[in-house]
Amino acid sequence: MFAKLFESPKYGQILAKLDTHHEDHTPEVRFYVQPKNLGVCSFALGFEDDGQGWELAEQAFEKTDLAAAEEGIAAMFRDFPFRVEFEQEA
């Protein structure tokens, strides 16, 4: 498995993907979400490009559940310069 799709009551769909960074090809677990007032936003947990880095990335991905994905999304927007809204927030 290389992707997980979560349906969050607060944030809507959250996609988690085990992937490589687009520039340096290091392993990463990237999270995607689409707020109401922005386009698709993402953040990544990056790892070293060696055997241990790939193993850690795979472990992080396997441990990712809805709670972890929501925690990451909340942290991504915590210090944003304006209020970020999601469709689920009425």
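Rules behind the numbers
- Residues numbered from 1 in each chain as written.
- Predicted model: local features only at pLDDT ≥ 70, side-chain atom pairs only at ≥ 80, totals over all residues.
- Heavy atoms only, no water.
- Helix = DSSP H or I, 4+ residues; strand = E, 2+ residues; numbered from the N terminus.
- Polar contact = N/O pair within 3.5 Å; in protein donor to acceptor, adjacent residues only side chain to side chain.
- Phe/Tyr/Trp six-rings, centres within 6.5 Å; stacked < 30°, edge-to-face > 60°.
- Buried < 20%, exposed > 50% of the residue type's maximum accessible area, 1.4 Å probe, protein only.
- Core = buried A, V, L, I, M, F, W, Y, C linked by side-chain atoms within 4.5 Å.
- Contact = heavy atoms within 4.5 Å.
- Pairing = 2+ DSSP bridges.
- Axes fitted to C-alpha atoms, helices over the stretch in contact; angles between N-to-C directions.
- Salt bridge = Lys/Arg side-chain N within 4 Å of Asp/Glu carboxyl O.

A. Representation of the environment of Lys 4 in the model. Its place among the elements puts Lys 4 in strand S1 (residues 3–8). At 3.0 Å, the side chain of Lys 4 forms a polar contact with the backbone oxygen of Thr 64.

B. How the structure looks around the packing of aromatic side chains. Throughout the structure, instances matching the rule amount to five aromatic pairs. Consider the rings of Phe 77 and Phe 80, whose centres lie 5.2 Å apart with planes at 75°: the pair is edge-to-face. Classification of Phe 77 as buried rests on a relative accessible area of 12%. Between the aromatic rings of Phe 77 and Phe 86, the centroid separation amounts to 5.8 Å while the plane-to-plane angle is 70°, which identifies the pairing as edge-to-face. Residues Phe 77 and Phe 86 agree in their burial class; the two are buried.

C. Expanded view of the nonpolar core. Within the largest apolar cluster, 18 residues are counted, with the highest numbers of intra-cluster contacts made by Ile 14, Val 33, Ile 73, Phe 77 and Phe 86. Elements with a contribution of two residues or more to this core: strand S2 (12–20), strand S3 (27–33), strand S4 (41–46), helix H1 (51–63) and helix H2 (66–77). Among all residues touching Val 33, those that are not within four sequence positions of it are Tyr 11, Gln 13, Ile 14, Gly 39, Val 40, Cys 41, Ile 73, Met 76, Phe 77 and Phe 86.

D. Looking closely at the sheet that holds S1. Overall, antiparallel pairing links the four strands, which are arranged S1-S2-S3-S4 in an open sheet. What marks the edges here is a single partner per strand, and that holds for S1 and S4. With direction set aside, neighbouring strand axes in the sheet form an average angle of 20°. With six bridges joining them, S1 and S2 adopt antiparallel strand pairing. From the neighbouring strand, Leu 5 faces S2, where its bridge partner is Leu 15. Along the sheet, H1 makes contact with S1, S2 and S3, crossing S2 at roughly 165°. Helix-sheet contacts for H2 involve S1, S2, S3 and S4, and the interaxial angle to S4 is about 110°.

E. Fine view of the pattern of salt bridges. On inspection of all chains with the given rule, the structure shows three salt bridges. Notably, a salt bridge pairs Lys 36 with Glu 85, separated by 3.5 Å at the nearest N-O pair. Residue Lys 36 is located in the loop between S3 and S4, and its partner Glu 85 is located in the segment after H2; the two are separated by 49 residues in the primary sequence. Under the relative-accessibility criterion, Lys 36 is labelled partly exposed at 41%. Among the residues examined, Glu 85 registers a relative accessible area of 29% and is labelled partly exposed.

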